[in-house]
Amino acid sequence: MSRVGSAPITIPSGVDVSISGGTVTIKGSKGELSQTLTGGITAREDEGMIIVERPDDSGTAKSFHGLSRTLIQNMIVGVTEGFVKELQIQGVGYRATAKGSDKLELALGFSHPVNIEAPAGIEFDVPQQTQIFVKGIDKQLVGQVAADIRKWRKPEPYKGKGIRYVDERVIRKAGKAAK
């Protein structure tokens, strides 16, 4: 049996859960998220818990079982606490500027500034010119927006310049050896 999928999800106070058909909708203090369950997976609410069940023991049903449970758990965490990805900019002249909470302007060594608009549900926070926080309630969307920002200037291996996640370790290469 799937160890992840079989664990029940506790519903914290202040969170409203509605399950209709194959769709789970979670409402909390930060917003509302909805997820459609696939692969025959069903969810039911039982005494302050959400229990995710699968139809049979096939390989795909087991995979969707754990996935569906994790997606519902992430929705609950998102509407109560939210998710944050922190990016760090390294390089001479590289900087970020917030234009409100939904626009970001990056100077990354190009001849023009890079302007990024946040999709609905995402906010940017720039406490320093070399630090960017991507915040939101949808874990997948927060990660995708952070990856799109990083894609503009990935960290290069010789000097380490570029945009990186805070916990990312960039493997450095030695340059040309002088004779």
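Note: the structure precedes this text.
Residues numbered from 1 in each chain as written. Predicted model: local features only at pLDDT ≥ 70, side-chain atom pairs only at ≥ 80, totals over all residues. Heavy atoms only, no water.

**Here's the deal with the pairing of strand β7 (residues 83–90)**
No. 1: In terms of strand pairing, β7 meets strand β12 (residues 131–136) through six bridges, oriented antiparallel. Paired with Glu86 across the bridge in β12 is Phe133. (Pairing = 2+ DSSP bridges. Helix = DSSP H or I, 4+ residues; strand = E, 2+ residues; numbered from the N terminus.)

**Focus on the side chain of Thr25**
No. 1: Residue placement: Thr25 occurs in strand β3 (residues 23–27).
No. 2: Non-local contacts of Thr25, meaning those with residues more than four positions away in its chain, are made with Asp16, Val17, Ser18, Glu32, Leu33 and Ser34. (Contact = heavy atoms within 4.5 Å.)

**Details of the packing of aromatic side chains**
No. 1: Per the stated rule, a full pass over the model turns up one aromatic pair.
No. 2: Ring centres 6.4 Å apart and planes at 70° place the aromatic pair Phe110 and Trp152 in the edge-to-face group. With Phe110 in the loop between β9 (103–107) and β10 (114–117) and Trp152 in the loop between α3 (139–151) and β13 (162–165), the pair connects residues that are 42 residues apart, well separated along the chain.
No. 3: What makes Trp152 partly exposed here is its relative accessible area of 40%.
No. 4: The ring of Tyr165 has Lys85 sitting right over it, with the charged end atom 5.3 Å from the ring centre.
No. 5: Over the face of the ring belonging to Phe110 we find Arg153, whose NZ or CZ atom lies 4.5 Å from the ring centre. (Phe/Tyr/Trp six-rings, centres within 6.5 Å; stacked < 30°, edge-to-face > 60°. Buried < 20%, exposed > 50% of the residue type's maximum accessible area, 1.4 Å probe, protein only. Lys NZ or Arg CZ within 6 Å of the ring centre and 35° of its normal.)

**What to know about the sheet that holds strand β11 (residues 122–125)**
No. 1: The strand order β11-β12-β7-β13 describes an open sheet built from four strands, whose pairing is antiparallel. At either margin of the open sheet sits one strand with a lone partner, and together these are β11 and β13. The mean angle between the axes of side-by-side strands here comes to 25°, regardless of whether they run parallel or antiparallel. (Axes fitted to C-alpha atoms, helices over the stretch in contact; angles between N-to-C directions.)

**A look at the sheet that holds strand β1 (residues 9–10)**
No. 1: With antiparallel pairing, three strands are arranged side by side in an open sheet as β1-β6-β5. Pairing within the sheet leaves two strands with one partner each, and these edge strands are β1 and β5 (42–46).
No. 2: Here β1 runs beside strand β6 (residues 49–53); their pairing, made up of two bridges, is antiparallel. Residue pairing for β6: Thr10 is matched across the bridge by Met49.
No. 3: Strand contacts of helix α2 (residues 59–80): β1, β5 and β6, with the helix running at about 155° to β6, the strand carrying the most contacts.

**A short note on α2**
No. 1: For α2, spanning 22 residues, the distance from its first C-alpha to its last is 32 Å, which sits close to the expected 32 Å at 1.5 Å a residue.
No. 2: Looking at α2, one finds that the buried residues are Ala61, His65, Gly66, Ser68, Arg69, Ile72, Asn74, Met75, Ile76, Gly78 and Val79. (Expected span 1.5 Å × (residues − 1).)

**Some points on the pattern of salt bridges**
No. 1: Across all of its chains, the model carries six salt bridges by this definition.
No. 2: Here Asp125 and Lys135 are joined by a salt bridge, their closest N and O atoms 3.6 Å apart. Taken together, the residues Asp125 in strand β11 and Lys135 in strand β12 connect sequence positions 10 residues apart.
No. 3: For Asp125, a relative accessible area of 32% corresponds to the partly exposed category. (Salt bridge = Lys/Arg side-chain N within 4 Å of Asp/Glu carboxyl O.)

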